[in-house]
Structures are given as C-alpha cells and as structure tokens.
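Analysis of the macromolecular model
Chain by chain, the residues run as shown.
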Amino acid sequence: MSRLYTKNINIGYDEKVIVKNLNIKIPDGKITAIIGPNGCGKSTLLKAITRIISPKSGTVILDGKDILKENTKKLARKMAILPQTPEGATGLTVGELVSYGRFPYQKGFGRLTKKDYEVIDWALEVTGTKDYKFRSIDALSGGQRQRVWIAMALAQETEIIFLDEPTTYLDIAHQLEVLELLQKLNLEQERTIVMVLHDLNQAARFADYIIALKDGQVVKAGSCEEVINQEVLKEVFNIDAKISRDPRTNKPICVTYNLLKGVSNNEKNNNFSSNSICVNY
Ligand SMILES: Nc1ncnc2c1ncn2[C@@H]1O[C@H](COP(=O)(O)OP(=O)(O)OP(=O)(O)O)[C@@H](O)[C@H]1O
Ligand SMILES: [Mg+2]
C-alpha cells in the first residue's frame, strides 16, 4: 500500500472539472514522472495533492489520513512542492528565500537554528546557488532563479518532493544536474520524488514509474517501458513515435516522431489512416 494516493478525486476551477475521478498511487521511495499534453491537468493534480487547492470531491490520502484534515506544519514536513511558476519572492535575497523552506520546523518567534542554517547551506550548495546567497532574487537569470526555488523545496527536508517542470529555463547540463541530484536524493535517502516533465526521454531515464495523463484522466501508469511506447504516445500526444533503447542506460528513448494530423478520435485506435498527414520534426 502506498503512503500517498488519490481516491476518486475530481478537481477543477469554478464549474469546470479538469481532473476527473482520478485514482493514482504514488509509489513510496521511487521517482514518478507525470507526462501529458499542455492543459491536461498535471499542475492542477499536483496542486490538489499538495493541498494548494481543494478537490471538488474525492480525497487525497497520506499515511492513512485525508490531507485536508492534516495540520499545516505537519503536512509541510512531509511534502514540499516546487510550483510551475513560483511567485512572491520579489525583494528577497536568495538566502532569505531558501530559509522559507525551514518554516515547518520553526517554533515560537521563528528564529533559525544552527541546524536550519546548515540545511540552507546544503540546499544552496547542491543546487549550485551558494554564490548568489546574498544577491536579490530579482537580479538572477531564469535558470539561476529556478535552481534557487529548487533549493527552497530541498531545504524543507521532506520525504516527498513534488516538482512541476523543474527543468524549465535550465540549459541541458543544468537539467541533467538537477535530475541527477533528485535521483541521488531518491537513491541515498529514499525520498519519494514526483515531477512533471515534458521531456519524454528524461522521464524514461529518471523515473521508475510514469503516469501519462490526457484530459484529466490516466491513459497509462506503469514502468517506462509500459508508458514510453508507440501505442501510449499516440494516444496521449497524437504522435507517431519511433522508440529505441538508450545505448547507455538501456531505457526507452524516443528518437524521432511525426505529428499525426487528420486523425479523428475514431481512427486513433487504428494504425495510420490513409488520409493522415505526417509532419516531420
Ligand atoms: N486558476 C485557474 N482558473 C481557471 N482555470 C484554470 C486555472 N488553472 C488552470 N486552469 C485550466 O485548467 C486546465 C488544466 O491546467 P493545468 O495547469 O493543470 O495544465 P497542465 O497539464 O499543467 O499544462 P502545462 O503542460 O501547460 O503546464 C487548463 O485548461 C487551464 O486553462
Ligand atoms: Mg502545468
């Protein structure tokens, strides 16, 4: 039984339901990637699981308890989230922002302890942001700022970490660094990592478990072989993907893909229809 799962969860905004009757389990101590088209509900799902928004119905269970009934600081010691577009840091220094990650551990007047300072320095160090510690967050590049937000989430020292597109703004080397750091935290400290990724090859390479969403529902959840394959990618993204094996990791990789156009929903379950138009990428 997973520590964290959703039970018939419906999530939306105003009258509109985005995530529909969803049941997912987050495997403990593993890396889970959530993939799916823009607007399919990935961020909405992450927000509900981390209690940023409340579901319309259904529940999110963590350690046998509905998260809506959990104490805020206690929940924040169990789960951290890096949102897709973090906000509210204007005017802060990098060190100040990362120190906010220690909020769940503060008592009384909220003074930072020696342990807090150690964790903050560790988070700055592993994300390669310690040189900016005293700089204003507003004076950083997009990629530098993204790594500072990751540092803040890490400073929260939670067993479960959610990251919504953590590689946004990062160059390819920094993308790999961040993903390898998360992998290290997972392998060495058994942290449970859940991240939204658009890069399918990174999802296949780093995740133990992949959840493919479309229109607020799960198309397929399973190992990278079960999800990163021609059939599932066609269903989820409407692409014809050629899948091979990464010679270094032996994980599935999408080497090339065509966009399938002119395929109606009824035809999607068949192979190519004769009137399909293929756009090469
Ligand atoms: N605050 C909001 N109010 C109203 N509708 C919203 C709000 N946030 C998101 N939506 C809508 O909900 C749907 C799902 O959005 P969501 O952000 O979950 O998508 P996503 O899968 O994360 O997409 P992306 O890959 O672009 O980040 C979209 O149609 C979006 O326009
Ligand atoms: Mg999103």
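In this text, all values refer to a predicted model and were calculated from it rather than measured experimentally. (Residues numbered from 1 in each chain as written. Chains lettered and ligands numbered in written order. Predicted model: local features only at pLDDT ≥ 70, side-chain atom pairs only at ≥ 80, totals over all residues.)

**With respect to the overall build of the protein**
Scanning the protein for helices and strands turns up 9 helices and 14 strands. In summary, the protein has a C-alpha radius of gyration of 20 Å against a globular reference of 19 Å for 281 residues, a match within 12%. With the principal axes as the frame, the protein shows a C-alpha extent of 70 × 40 × 35 Å. Counting only residues that meet the buried cut, the protein has 37% of its 281 residues in that class. (Helix = DSSP H or I, 4+ residues; strand = E, 2+ residues; numbered from the N terminus. Rg over C-alpha atoms; globule rule 2.2 N^0.38 Å. Buried ≥ 20, exposed ≤ 12 C-beta atoms within 10 Å, placed from the backbone.)

**Re helix α5 (residues 142–155)**
Compared with the 20 Å implied by 1.5 Å per residue over 14 residues, the 20 Å span of α5 between its first and last C-alpha is a close match. Of all 14 residues making up α5, 12 are buried, and the element is well covered by its neighbours. Of all the positions in α5, only Gln 144, Arg 145, Gln 146, Arg 147, Val 148, Trp 149, Ile 150, Ala 151, Met 152, Ala 153, Leu 154 and Ala 155 are classed as buried. Tucked inside the fold, the buried residues of α5 contact β7 (79–82), α3 (94–99), α4 (114–126), β8 (160–164) and α6 (172–189). (Expected span 1.5 Å × (residues − 1). Contact = placed C-beta atoms within 7 Å.)

**Remarks on the site of ligand 1**
Inspection of the region around ligand 1 gives Tyr 13, Ile 18, Gly 36, Asn 38, Gly 39, Cys 40, Gly 41, Lys 42, Ser 43, Thr 44 and Gln 84 as its neighbouring residues. Examining the composition of the shell around ligand 1, we find that 3 residues originate from one element, helix α1 (residues 42–49), more than from any other. Looking at the shell around ligand 1 residue by residue, the class counts come to 3 nonpolar, 7 polar and 1 charged. (Near = placed C-beta within 6 Å. Nonpolar A, V, L, I, M, F, W, Y, C, P; charged D, E, K, R; others polar.)

**Here's the deal with the domain arrangement of the protein**
Examined at the domain level, the protein breaks down into domain 1 (4–228) and domain 2 (238–281). Between the C-alpha centres of domain 1 and domain 2 the distance comes to 30 Å. On the domain 2 side, the residues contacting the 7 residues of domain 1 number 7 residues. Taken together, the elements giving at least two residues each to the side of domain 1 that touches domain 2 come down to α7 (200–206) and α8 (224–227). The greatest single-element share of the side of domain 1 that touches domain 2, amounting to 4 residues, is contributed by α7. By residue class, the composition of the side of domain 1 that touches domain 2 is 4 nonpolar, 1 polar and 2 charged. (Domains from an automatic or database assignment.)

**Quick look at the UniProt feature "domain: ABC transporter" (unreviewed entry) in the protein**
UniProt's entry tags residues 4–240 with the feature "domain: ABC transporter" (unreviewed entry), counted in the numbering of this structure. Span residues 4–240 is 36% helix and 25% strand, its end C-alpha atoms 34 Å apart. (UniProt positions renumbered as here; feature names shortened; annotations may be inferred.)

**A look at the packing of α4 against α5**
The contact between α4 and α5 brings their axes to 9 Å, and the two run at 140°. Relative to α5, the element α4 is oriented oblique. In terms of crossing hand, the pair formed by α4 and α5 is right-handed. Residue-level inspection shows Val 119, Ile 120, Ala 123, Leu 124 and Val 126 of α4 in contact with α5, the latter providing Ala 151, Leu 154 and Ala 155. (Axes fitted to C-alpha atoms, helices over the stretch in contact; angles between N-to-C directions. Parallel < 35°, antiparallel > 145°, perpendicular 65-115°, else oblique. Left-handed = near helix turned anticlockwise from the far one by under 90°.)

**A few points about the pairing of strand β13 (residues 252–261)**
Pairing of strand β12 (residues 239–245) with β13, which is carried by 7 bridges, proceeds in the antiparallel orientation. The partner of Ile 239 across the bridge, within β13, is Leu 259. Counted along the chain from β12 to the antiparallel partner β13, the turn is 6 residues long, and its residue Asn 250 has a positive phi close to 65°. (Pairing = 2+ DSSP bridges.)

**Points about the nonpolar core**
Ranked by size, the top nonpolar core spans 72 residues in total, and within it Val 98, Ala 153, Phe 162, Ala 203 and Ile 210 carry the most contacts. At 8 residues, α5 tops the list of elements feeding residues into this core. Here this core spans two domains, since at least three of its residues come from each of domain 1 (4–228) and domain 2 (238–281). (Core = buried A, V, L, I, M, F, W, Y, C linked by C-beta atoms within 7 Å.)

**Section: α1**
Of all 8 residues in α1, 7 are buried; the element is thus mostly enclosed. Where α1 is concerned, the buried positions are Lys 42, Thr 44, Leu 45, Leu 46, Lys 47, Ala 48 and Ile 49. Directly beyond the C-terminal end of α1, a positive phi value near 70° is found at Arg 51.

**Digging into the sheet that holds strand β4 (residues 31–35)**
Strand pairing within a sheet occurs via backbone hydrogen bonds; the two strands may be parallel or antiparallel. Strand order in the open sheet formed by 6 strands is β7-β8-β9-β4-β10-β11, and the pairing between neighbours is mixed. The sheet is open, and its two edges are formed by β7 and β11 (217–222), each paired on a single side. Direction aside, neighbouring strands of the sheet carry axes that sit 15° apart on average. As judged from the 4 bridges shared by β4 and strand β9 (residues 192–196), these two strands associate in the parallel manner. Following the sheet pairing, Ile 34 is matched in β9 by Val 196. Packing against the sheet, α5 makes contact with β7 and β8, and its axis sits at approximately 175° to β7.

**Considerations on the environment of Met 195**
By the secondary structure assignment, Met 195 is in strand β9. C-beta crowding within 10 Å serves as the criterion here: with 26 such atoms nearby, Met 195 is assigned to the buried category. When neighbours within four sequence positions are excluded, Met 195 is seen to be in contact with Ala 33, Leu 163 and Pro 166.

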